[in-house]
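# A closer look at the structure
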Amino acid sequence: MAPRAAGCLLLLLLFLLLAPAAGAALSSYFGTKSRYEEVNPHLAQDPLSLGPAARPPAACAPLQLRALLRHGTRYPTAKQIRRLGELHGRLRRAAACPTAAALAAWHMWYEESLDGRLAPRGQRDMEHLARRLAARFPALFAARRRLALASSSKHRCLQSGAAFRRGLGPPPPRADGEAEIEINDSLMRFFDHCQKFVAFVEENDTAMHQVDAFKEGPEMRQVLEKVASVLCLPVDELNADLIQVAFLACSYELAIRNVTSPWCSLFSEEDAKVLEYLNDLKQYWKRGYGYDINSRSSCNLFQDIFQELDKAMEESKSSKPISSPVIVQIGHAETLQPLLALMGFFKDDEPLRANNYVRQTHRKFRSGQIVPYAANLVFVLYHCDQVNTSKEEYQVQMLLNEKLLPFHHSNKTISIYADLKDYYKDILQNCHFKEECELPKNNNTATDEL
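Our subject in this report is the structure included herewith.

Calculation notes
- Residues numbered from 1 in each chain as written.
- Predicted model: local features only at pLDDT ≥ 70, side-chain atom pairs only at ≥ 80, totals over all residues.
- Heavy atoms only, no water.
- Helix = DSSP H or I, 4+ residues; strand = E, 2+ residues; numbered from the N terminus.
- Polar contact = N/O pair within 3.5 Å; in protein donor to acceptor, adjacent residues only side chain to side chain.
- Phe/Tyr/Trp six-rings, centres within 6.5 Å; stacked < 30°, edge-to-face > 60°.
- Buried < 20%, exposed > 50% of the residue type's maximum accessible area, 1.4 Å probe, protein only.
- Lys NZ or Arg CZ within 6 Å of the ring centre and 35° of its normal.
- Axes fitted to C-alpha atoms, helices over the stretch in contact; angles between N-to-C directions.
- Parallel < 35°, antiparallel > 145°, perpendicular 65-115°, else oblique.
- Contact = heavy atoms within 4.5 Å.
- Nonpolar A, V, L, I, M, F, W, Y, C, P; charged D, E, K, R; others polar.

## Focus on the environment of Arg136
Its location among the elements puts Arg136 in helix H4 (residues 120–136). Linking Arg136 and Pro56, residues 80 residues apart in sequence, is a C-alpha distance of 9.6 Å. Polar side-chain contacts of Arg136 include one of 3.1 Å to the backbone oxygen of Leu50.

Here is the structure:
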């Protein structure tokens, strides 16, 4: 082996020895690229453990479960793979630097054909989630009861749906109503169908001005200069996007392969916090509270959830079998985040901005805690006996990532269904997707709306 190649190999081995400690310190800062185990650490030891019990209300039987899932762990997109290849190529040309040489020796195994597809780890995410939900609500998932399964048209979501079904065991005979996976982009990718969102946020270069300002701000500049120094590169050869790519390489290796990549060694925990904030800024302004249209575009999905809950309640009142005891829909982080914002969850008193990084240290809006891979929001409707009034007969719980979510109107984890509908009455009655999403006829510029 040539001396230079041997030296690079030794450096890579040294990186691999040091990297696990670095990876462990960074794993809670990967934002939307976080492993599901970051929000449920007990699953790292036993992927079928139910953890702290989310107990159903006393003397209540579940009638319907509506689960909205984000797809499981996926590969990088083709765009991310190209950027990583670009960075890797630069390091190969800077091989005189020991750290750059060690990273250049890393095997670039991602191919553009992987383009965001579900990884094997993502299939296991879905299979295990299905088994845990079935164990938590056995009456609803009992054999031969109908499962309504829908998905976005994206391959990773369809594969996640198939993996979820596999986790439940062999499907019942088709005669009892078991359906194929329905593609429903109008609900799972509502953002693509909202003209106002597409024009004023998705395709508007000025909409992400807070994100762009943070990329040029002092916190990111400090990370940029440090990484450039470690890699022996001129600062002007790197930018915030390439720094993010290196950080994502660390996150993907951990999520997909459960290994700590040498890329992780480039970053300290403080660096990771800055990069997490950059990711959260983008989520906040593009999918969260930054603009009203982000959340208002999810009206159809929100109303559909309550229409199905209403239907189950009416069937129960009429002593009819519940036609859809389990409804599972697979979408994206971009499906769940706007819906949670519409409902008012994880809203900070002060908006996330480029200039308030320090003040947002303890923010509620942390995308990795809200929508990691395999994130799930579950509504469970119950019929309850031993109640004082007929209004109390139907109650509801919500679980986010398998943990009970306290309701805003009561701060309790169980609500009378009628009270919950009353709290969200304005959205249920007055949030109309067509009107919310149509472009103003007398407004030609996106910036006017922002």
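The structure having been displayed, the exposition proceeds.
## Considerations on the side chain of Thr99
Counting through the fold element by element, Thr99 comes out in helix H3 (residues 98–104). In this structure the side chain of Thr99 is engaged in a polar contact, spanning 3.5 Å, whose partner is the backbone oxygen of Val230.

## Regarding the packing of aromatic side chains
The tally for this structure, following the rule as stated, stands at 20 aromatic pairs. A ring pair is formed by Tyr423 and Tyr424, whose centres lie 4.8 Å apart and whose planes are at 80°; its orientation type is edge-to-face. The exposure class assigned to Tyr424 is buried, which follows from its relative accessible area of 4%. Through a chain of ring-to-ring contacts, three or more aromatic side chains come together here, namely Phe302, Phe306, Phe379, Tyr417, Tyr423 and Tyr424. A cation over an aromatic ring shows up here: Arg257 above the ring of Trp109, its NZ or CZ 4.0 Å from the ring centre. A cation over an aromatic ring shows up here: Arg287 above the ring of Phe191, its NZ or CZ 4.8 Å from the ring centre.

## With respect to the packing of helix H2 (residues 78–93) against helix H10 (residues 240–257)
Where H2 contacts H10, the two axes come as close as 9 Å, and the packing angle between them is 105°. In terms of axis orientation, H2 runs roughly perpendicular to H10. Residue-level contacts link Gln80, Arg83, Leu84, Glu86, Leu87 and Arg90 of H2 to Asp241, Leu242, Val245, Ala246, Leu248, Ala249 and Tyr252 of H10. When its residues are assigned to classes, the contact of H2 with H10 shows 8 nonpolar, 1 polar and 4 charged.

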